[in-house]
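For reference, the chains in residue letters:
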Amino acid sequence: MIEKAYLEITNICNLSCQFCHKTGREKRQMTETEFEHLTDRLSGEVKYLFFHLMGEPTLHPLLPKFITRAREKGFLPAVTTNGTLLARCGRELLDTPLYKISISLHAPAANEAFSDPLYLQAAIDFGKKAAQRGTIVAFRLWNVGGEGERENETVLAALRAAFPAPWEDKWSGYRLSNKIFLEWGEEFDWPDLSAPALPEGAPLFCYALRNQVGVHADGTVVPCCLDADGVLALGNLHEQPLAEILSSPRARSIYNGFTDHRAAEELCRRCGYARRFKA
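Throughout what follows, the structure given in this document is the object of discussion. (Residues numbered from 1 in each chain as written. Predicted model: local features only at pLDDT ≥ 70, side-chain atom pairs only at ≥ 80, totals over all residues. Heavy atoms only, no water.)

1. Details of the overall build of the protein chain
Along its length, the protein chain carries eight helices and eleven strands. Once the C-alpha set of the protein chain is aligned to its principal axes, its extents read approximately 50 × 45 × 35 Å. Across the protein chain, the fraction of contacts at a sequence separation of at least 24, relative to all contacts at a separation of at least 6, is 68%. Element-wise, carbon and sulfur atoms account for 51% of the exposed surface of the protein chain, whose accessible area totals about 12900 Å². In the protein chain, 32 positive and 35 negative side-chain charges are present, and the distance between their average locations comes to 4 Å. (Helix = DSSP H or I, 4+ residues; strand = E, 2+ residues; numbered from the N terminus. Contact = heavy atoms within 4.5 Å. Areas by Shrake-Rupley, 256 points an atom, 1.4 Å probe, with all protein chains shown as cover. Lys, Arg positive; Asp, Glu negative; His and termini not counted. Charge placed at Lys NZ, Arg CZ, Asp CG, Glu CD.)

2. Notes on the pattern of salt bridges
Using the criterion set out here, one finds 17 salt bridges in the structure. Between R69 and E36 there is a salt bridge whose closest N-O contact spans 2.8 Å. In this pair, R69 is assigned in helix 2 (residues 63-72) and E36 in helix 1 (residues 32-42), connecting sequence segments 33 residues apart. When its relative accessible area of 25% is taken as the criterion, R69 is described as partly exposed. A salt bridge links R140 to E183, with the nearest nitrogen and oxygen atoms 3.9 Å apart. Here E183 lies in strand 8 (residues 180-186) and R140 lies in strand 5 (residues 136-144), a separation of 43 residues in the sequence. Owing to a relative accessible area of 22%, E183 belongs among the partly exposed residues under this scheme. Each of E36, D40, R69, E72 and K73 takes part in a single network of salt bridges with overlapping partners. (Salt bridge = Lys/Arg side-chain N within 4 Å of Asp/Glu carboxyl O. Buried < 20%, exposed > 50% of the residue type's maximum accessible area, 1.4 Å probe, protein only.)

3. Things to note about the packing of helix 4 (residues 117-132) against helix 5 (residues 152-162)
Packing of helix 4 against helix 5 brings their axes to within 11 Å, and their N-to-C directions diverge by 40°. When the axes of helix 4 and helix 5 are compared, the pair comes out oblique. Crossing handedness for the pair helix 4 and helix 5: right-handed. Contacts between helix 4 and helix 5 involve L120, I124 and K128 on the former and, on the latter, T154, V155, A158, L159 and A162. Class assignment of the residues belonging to the contact of helix 4 with helix 5 gives a composition of six nonpolar, one polar and one charged. (Axes fitted to C-alpha atoms, helices over the stretch in contact; angles between N-to-C directions. Parallel < 35°, antiparallel > 145°, perpendicular 65-115°, else oblique. Left-handed = near helix turned anticlockwise from the far one by under 90°. Nonpolar A, V, L, I, M, F, W, Y, C, P; charged D, E, K, R; others polar.)

4. Brief notes about the packing of aromatic side chains
A complete count under the given rule lists ten aromatic pairs for this structure. With 4.0 Å between their ring centres and 5° between their planes, F35 and F66 make a pair best called stacked. Placement of the pair is F35 in helix 1 and F66 in helix 2, with a sequence separation of 31 residues. Here F35 and F66 have matching classes, each one buried. Following the ring pairs from residue to residue traces out a cluster consisting of Y6, Y48, F50 and Y99. Directly above the aromatic system of F163 lies the positively charged group of K128, at a separation of 5.5 Å from the ring centroid. Between the NZ or CZ atom of R252 and the centre of the ring of Y255, over which it lies, the distance is 4.7 Å. (Phe/Tyr/Trp six-rings, centres within 6.5 Å; stacked < 30°, edge-to-face > 60°. Lys NZ or Arg CZ within 6 Å of the ring centre and 35° of its normal.)

What follows is the structure, encoded as structure tokens:
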């Protein structure tokens, strides 16, 4: 069993952030019928179902229903969001059996939408209410070393006011309160065939196909949540079972390559995130 699947219920986003790779794929939202079929195919194959890849999941009008259906099918459903729509749709989400929500509190350097003080307060208020209902809440700052890091103090000050110290140290972050966490990491470059590549033979490792798999809104299966354009398309879950897709020659080549600490695909050699695992 793979630990998590990133299921992209929409590849449409309400923002255009500086750090985001974006996608050239056709814009689409997953239908209820497609969701039912894809989750049937993933049932028993993955534990956590993340409504995330490209796009903003809270834009999808059926997100609350999808979360409920995912729980009914035995998944632990999680949402990753930019948080800008929580003031509008948060109440509906609070009534769902959501396991975890990750709210990306990016600095205004990424997008002016994040400079609105009402945005940050709405995200914090939602986080408190969600945690009280048993949902794990992760506020995320993944911009260490990037242009936006200098603006993090405003975000941290708001979190300190909402969740007074002491904060408990955790790996790559803090536990702020019961079920509420702050996660952060270094800003990274998305994989892109036009990006600089590691030297041929340089060691590289990734958890793609080892503990995660991605599914685009049209059912295309990719190795990880950073393949925005389906460069490493392995098959389509509407047409094949997941086990069959993961046993394909290309999928096995990617998996075995990382087992040997090498990249079997050119895109992986050009992934800024995977480079942190090369040692």
